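The primary structure of each chain is shown beneath.
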Amino acid sequence: MDVKIESSWKERLKNEFEKDYFIKLTDFLREEYKTKTIFPAGSLMFNAFEKCPFDQVKVVILGQDPYHGEGEANGLCFSVNDGIKIPPSLRNIFKEILEDIGKEIPKSGNLERWANQGVFLLNATLTVVKDTAGSHQKKGWEEFTDAVIKKISDEKEGVVFMLWGKYAHEKGKVIDEKKHLVLKAPHPSPLAKGFNGNKHFSQANEYLKNKGENEIQW
């Protein structure tokens, strides 16, 4: 499986692709895609990178696993394809945006429009077996995405990181909080409590505006 990933990322991560763990991960994935139904489709595995090149990253939102239902996952965390019912966590995110900045809840849960503005929508694990949550955890993806987060933290300045839930908080430990704005809240899942009212979206835009950057049209 040749790693097909947007060129600015490929250049920065080329050392990562040569490490033993990533070669093992690649072999594992090649077999999984051959023998099982894996989401997202192989062509969308690195969609977050494709839609948001390294130089354009202004905000990072961290998810955990891709959606594992038919037709849902599109390679961007929390995002679903057009025509798919908006999942509960994403509905809570949209509700927070409505309360925070007054933007109406959209009909589609496809977040490509965010990615195109510089919002890097990264899942900790980039693939999953159909109908089997967490099935590709601890196979190497987490090590890879830790390296991605560290690369952004080390080589960029003034990025907004939105870390929702304990898992994302842990994963964010590699971020240099002196150089970046790190916003933490509980997970937006209805099973968690306390996500709404965090005002992350207005805080992110205020921070970007103060740096002379375009605000995100959430």
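In this convention, every chain numbers its residues from 1, walking through the sequence in written order. Confidence filtering applies because this is a predicted model: local features only for residues at pLDDT of at least 70, side-chain atom pairs given and counted only at 80 or more, and all residues used for totals across whole chains, interfaces and linings. Computation of side-chain values: all heavy atoms of the structure, hydrogens and water removed.

### Concerning the overall build of the protein chain
- Each helix is a run of H or I in the DSSP string that is no shorter than four residues. Each strand is a run of E no shorter than two, and both are numbered from the N terminus. A tally of helices and strands in the protein chain yields 8 helices and 6 strands.
- At 17 Å, the protein chain has a C-alpha radius of gyration in line with the 17 Å of a compact globule built from 218 residues.
- Along the three orthogonal principal directions, the C-alpha set of the protein chain runs to about 45 × 35 × 25 Å.
- Computed with the Shrake-Rupley method and a 1.4 Å probe, the accessible areas treat only the protein chains shown as cover for residues. For the protein chain, the accessible area works out to roughly 10,500 Å², and carbon and sulfur atoms hold 49% of it.
- The positive count covers Lys and Arg only, the negative count covers Asp and Glu only, and His and the chain ends enter neither. Note that the charge is assigned to NZ on lysines, CZ on arginines, CG on aspartates and CD on glutamates. The averaged location of the 33 negative side-chain charges in the protein chain is 2 Å from the averaged location of its 33 positive side-chain charges. All radius of gyration figures rest on C-alpha atoms, and the globule criterion is 2.2 Å times the number of residues raised to 0.38.

### Considering the packing of helix H1 (residues 7-17) against helix H6 (residues 141-155)
- Fitting a line to C-alpha atoms yields each axis, with helices limited to the stretch in contact; the angle taken between N-to-C directions then spans 0 to 180 degrees. As a packed pair, H1 and H6 sit with axes 11 Å apart at the nearest point and diverge in direction by 130 degrees. Classed by the angle they form, the pair H1 and H6 counts as oblique. Relative to H6, the crossing made by H1 is right-handed. For the pair H1 and H6, the contacting residues are Trp9, Arg12, Leu13, Glu16 and Phe17 in the first and Glu143, Phe144, Ala147, Val148, Lys151, Ile152 and Glu155 in the second. What sets the label is the angle itself: under 35 degrees gives roughly parallel, over 145 gives roughly antiparallel, 65 to 115 gives roughly perpendicular, and the rest give oblique. Left-handed describes a crossing in which the near helix is turned anticlockwise from the far one by less than a right angle; the clockwise case is right-handed. Pairs of residues are marked as contacts when any of their non-hydrogen atoms sit within 4.5 Å.

### Details of the packing of aromatic side chains
- Planes of paired rings set the category: under 30 degrees apart is stacked, over 60 is edge-to-face and the rest tilted, where pairs are Phe, Tyr or Trp rings (Trp by its six-membered ring) whose centres lie within 6.5 Å. Within this structure, the stated rule accounts for 21 aromatic pairs.
- Ring centres 5.2 Å apart and planes at 85 degrees place the aromatic pair Trp9 and Phe54 in the edge-to-face group. Of this pair, Trp9 sits in helix H1 while Phe54 sits in the loop between helix H3 (47-51) and strand S2 (59-63), and the two are 45 residues apart along the sequence. Judged on exposure class, the residue Trp9 and its partner Phe54 are both buried.
- Members of the aromatic cluster, connected to one another through ring pairs, are Trp9, Phe17, Tyr21, Phe22, Phe46, Phe49, Phe54, Phe120, Trp141 and Phe144.
- Sitting over the face of the ring of Phe54, Lys156 holds its NZ or CZ atom 5.1 Å from the ring centroid. Partly exposed describes any residue whose relative accessible area lies between the buried limit of under 20% and the exposed limit of over 50%, with all areas from a 1.4 Å probe on protein chains only and scaled to the type maximum. We call a charge positioned above a ring when the Lys NZ or Arg CZ atom is no farther than 6 Å from the ring centre and deviates by at most 35 degrees from the ring normal.

### As for the nonpolar core
- We define the nonpolar core as a collection of buried residues of types Ala, Val, Leu, Ile, Met, Phe, Trp, Tyr and Cys that are connected through side-chain atoms lying within 4.5 Å of one another. Phe49, Ile61, Trp114, Phe120, Phe144 and Trp218 are the most contacted members of the largest nonpolar core, which totals 62 residues.
- Apart from the residues within four sequence positions on either side, Trp114 is in contact with Ile61, Ile93, Phe94, Ile97, Val119, Leu121, Phe201, Gln217 and Trp218.

### What about the environment of Ala73?
- By the secondary structure assignment, Ala73 is in the loop between S2 and helix H4 (88-101).
- In contact with Ala73, not counting residues within four places along its chain, are Phe39, Pro40, Pro66, Tyr67 and Asn81.

### Re H1
- Turning to H1, its buried residues are Ser8, Trp9, Leu13, Glu16 and Phe17. Axial view of H1: buried residues confined to an arc of 150 degrees, hence all on one face. Facing away from the buried side of H1 by over 90 degrees, the exposed positions are Ser7 and Asn15.
- Of the surrounding elements, those touching the buried residues of H1 are helix H2 (20-35), H3, strand S3 (119-123) and H6. Arc definition: directions from the helix axis to the C-beta atoms.

### Details of the environment of Ser43
- Assignment of secondary structure puts Ser43 in the loop between strand S1 (38-39) and H3.
- Considering only alpha carbons, one finds Ser43 and Ile5, 38 residues apart in sequence, at a separation of 9.6 Å.

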